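Reading the structure
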Amino acid sequence: MDETQGQHYSSSLPEPALSQDSSERSYFNGQQVNRGTGISGLKKRGHGSRSWIKIGQDGDSKTVMLDKATIMRHCSLPSRDLRLLDPMFIYPSTILGREKAIVVNLEQIRCIITADEVILMNSLDGSVGQYRSELCNRLQKEKADDLPFEFRALELALELTCTSLDAQVKELEMEIYPVLDELASSISTLNLERVRRFKGHLLALTQRVQKVRDEIEHLMDDDGDMAEMCLTEKRRRSDAYPSNDYFQTRTSGGVISKSAPASPERSISGVQMLQRAFSSIANSSKHGSSMGSSDIGERIEPLEMLLEAYFIVIDNTLNTLLSV
């Protein structure tokens, strides 16, 4: 019996010759199977170039071919963030603030916003074309806008998403109420099936609206996340305070460069230096916490007001859905 099982298992293994040519076709249970789309093919697709739309601060746009590695280097993003924008995967609506970029996945609008450009995933969907044309138009006509570039780009993504979802809710309302009225007057298998189908559409739409609402609310509740999204301000501060300034150590007598030779009589051990550093941090945090929080509050105030406006819009849309 063991020999029979061994023969069965060995006969079910794929022969090496089948994997030599990726274009070969094999048959499984009488059906033709294309063996060209294996793991290696998926890996190539994941690292291949895609069509993107670049939109600059002046409103000019162009279509470019970019691969994943180039975008990761240019925007300082990890690979997992780019998966949110990959059309091969389905992720719920997400807005992420990173060091040099904002990753936006709102319905059909998938883009990376930096301090001076938008890298928009190109597709045939109407929302993508509308975002491109509207953002270019606003950037060209409203150059003196008080909002930083990244907030203007994010605002348009939120605006189009909330408008699209609200329109879908109104359309569903117009379709579902006559069906419910008809069911009330005549209970039949056909009417019940129509109501069941509309109920599925209603549930799916509610989940999408709820996710956008929750994402906006999450950002509003976290000052740190909103501060990460202030890309223009972060770049301005980085330019004003270069990293070389941190190579100076402040003492009670003034500022001493780390490159200056230390006096043997006044030299201290590494443990003592750590103890003094922690003590200094603890003392400064008591006096600087209120200043830091107020400074962050001033920086994120425009973004918080923007998010709040669209939170109200999407919350009203959700309430409409829940009342259907």
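Our structure's up above, just so we're on the same page.
Predicted model only: the values in this text are computed from it and were never measured. (Residues numbered from 1 in each chain as written. Predicted model: local features only at pLDDT ≥ 70, side-chain atom pairs only at ≥ 80, totals over all residues. Heavy atoms only, no water.)

1. Some remarks on the sheet that holds strand 4 (residues 61–66)
Taken together, 6 strands build an open sheet; the order of strands is 4-3-8-7-6-5 and the sheet is antiparallel. Edge positions in the open sheet fall to strand 4 and strand 5 (94–97), since each of these has one partner strand only. The average undirected angle you get between the axes of adjacent strands in this sheet is 20°. As defined by bridge partners, strand 3 (residues 50–56) adjoins strand 8 (residues 117–121) across 5 bridges and the pair is classed as antiparallel. Counterpart to Gly-56 in the pairing with strand 8 is Glu-117. (Pairing = 2+ DSSP bridges. Helix = DSSP H or I, 4+ residues; strand = E, 2+ residues; numbered from the N terminus. Axes fitted to C-alpha atoms, helices over the stretch in contact; angles between N-to-C directions.)

2. Describing the pattern of salt bridges
Summed over the entire model, instances satisfying the criterion amount to 14 salt bridges. Salt-bridge contacts for Arg-213 lead to Glu-217; the nearest nitrogen and oxygen are separated by 3.2 Å. Of this pair, Arg-213 and Glu-217 both sit in helix 7 (residues 189–220), 4 residues apart, roughly one helical turn. Accessibility expressed as a relative area gives 15% for Arg-213, which makes it buried. Here the salt bridges do not stand alone but share partners, grouping Arg-213, Asp-214, Glu-217 and Asp-315 into one network. (Salt bridge = Lys/Arg side-chain N within 4 Å of Asp/Glu carboxyl O. Buried < 20%, exposed > 50% of the residue type's maximum accessible area, 1.4 Å probe, protein only.)

3. A short note on a nonpolar patch on the surface
Together, Met-88, Phe-89 and Tyr-91 make up an exposed nonpolar region whose accessible area comes to about 250 Å². Residue placement: Phe-89 occurs in the loop between helix 4 (79–83) and strand 5. On the basis of relative accessibility, which here comes to 36%, the residue Phe-89 falls in the partly exposed class. (Patch = residues over 30% accessible without salt bridge, like charges linked within 9 Å, V, L, I, M, F, W, Y side chains within 5 Å. Areas by Shrake-Rupley, 256 points an atom, 1.4 Å probe, with all protein chains shown as cover.)

4. Some points on the packing of helix 5 (residues 126–141) against helix 6 (residues 149–185)
In the contact formed by helix 5 and helix 6, the axes pass within 10 Å of each other and the chain directions differ by 140°. When the axes of helix 5 and helix 6 are compared, the pair comes out oblique. Seen along the crossing, helix 5 lies across helix 6 with a hand that is right-handed. Across the interface between the two elements, Ser-127, Gln-130, Tyr-131, Glu-134, Leu-135, Arg-138 and Leu-139 from helix 5 touch Phe-149, Arg-152, Ala-153, Leu-156, Ala-157, Glu-159 and Leu-160 from helix 6. The class makeup of the residues in the contact of helix 5 with helix 6 is 8 nonpolar, 2 polar and 4 charged. (Parallel < 35°, antiparallel > 145°, perpendicular 65-115°, else oblique. Left-handed = near helix turned anticlockwise from the far one by under 90°. Contact = heavy atoms within 4.5 Å. Nonpolar A, V, L, I, M, F, W, Y, C, P; charged D, E, K, R; others polar.)

5. Brief notes about unusual backbone geometry
A positive phi angle is found at Ser-76, which is not glycine, with a value near 55°. Mapped onto the secondary structure, Ser-76 falls in the loop between helix 3 (68–75) and helix 4.

6. A few points about the environment of Leu-180
Of note, Leu-180 is situated in helix 6. Classification of Leu-180 by relative accessible area gives partly exposed; the value is 33%. Separated by 12 residues in the primary sequence, Leu-180 and Leu-192 have C-alpha atoms spaced 9.2 Å apart.

7. Here we look at helix 3
Along helix 3, the residues classified as buried are Lys-68, Ile-71 and Cys-75. For helix 3, the buried positions fall inside an angular range of 65° around the axis, keeping them on one side. Capping of helix 3 at its N-terminal end is provided by Asp-67; its side-chain oxygen lies 3.4 Å from the backbone amide nitrogen of Ala-69. Looking one or two residues beyond helix 3, the residue adopting positive phi is Ser-76, at roughly 55°. (Arc of directions from axis to C-beta. Polar contact = N/O pair within 3.5 Å; in protein donor to acceptor, adjacent residues only side chain to side chain.)

8. Considerations on the side chain of Thr-94
Tracing the sequence through the fold places Thr-94 in strand 5. Polar side-chain contacts of Thr-94 include one of 2.9 Å to the backbone oxygen of Pro-92. If we ignore the near neighbours within four places in the chain, the residues touching Thr-94 are Leu-84, Val-103, Val-104, Asn-105 and Glu-215.

9. Side note on the environment of Glu-215
One can find Glu-215 in helix 7. Judged by relative accessible area, Glu-215 falls into the buried class, the value being 8%. In the structure, Glu-215 is positioned 122 residues away from Ser-93 in sequence and 7.3 Å away in space, judged by C-alpha atoms. Setting aside residues up to four positions removed in sequence, Glu-215 forms contacts with Ser-93, Thr-94 and Ile-95. From its side chain, Glu-215 meets the backbone nitrogen of Ile-95 in a polar contact 3.1 Å long.

10. Remarks on the environment of Ile-71
Among the structural elements, Ile-71 can be located in helix 3. Residue classification places Ile-71 among the buried positions, given a relative accessible area of 2%.

11. Quick notes on the nonpolar core
Counting 55 residues, the largest nonpolar core has Ile-113, Val-118, Tyr-131, Leu-158, Ile-216 and Leu-307 as the members making the most contacts within it. Here this core gets 15 residues from one element, more than from any other, and that element is helix 6. With near-sequence residues (within four places) excluded, Ile-113 lies in contact with Lys-100, Ala-101, Ile-102, Val-104, Val-118, Tyr-131, Glu-150, Ala-153, Leu-154 and Leu-231. Ranked by size, the runner-up nonpolar core spans 15 residues in total, among them Leu-77, Leu-85, Val-103 and Met-121. (Core = buried A, V, L, I, M, F, W, Y, C linked by side-chain atoms within 4.5 Å.)

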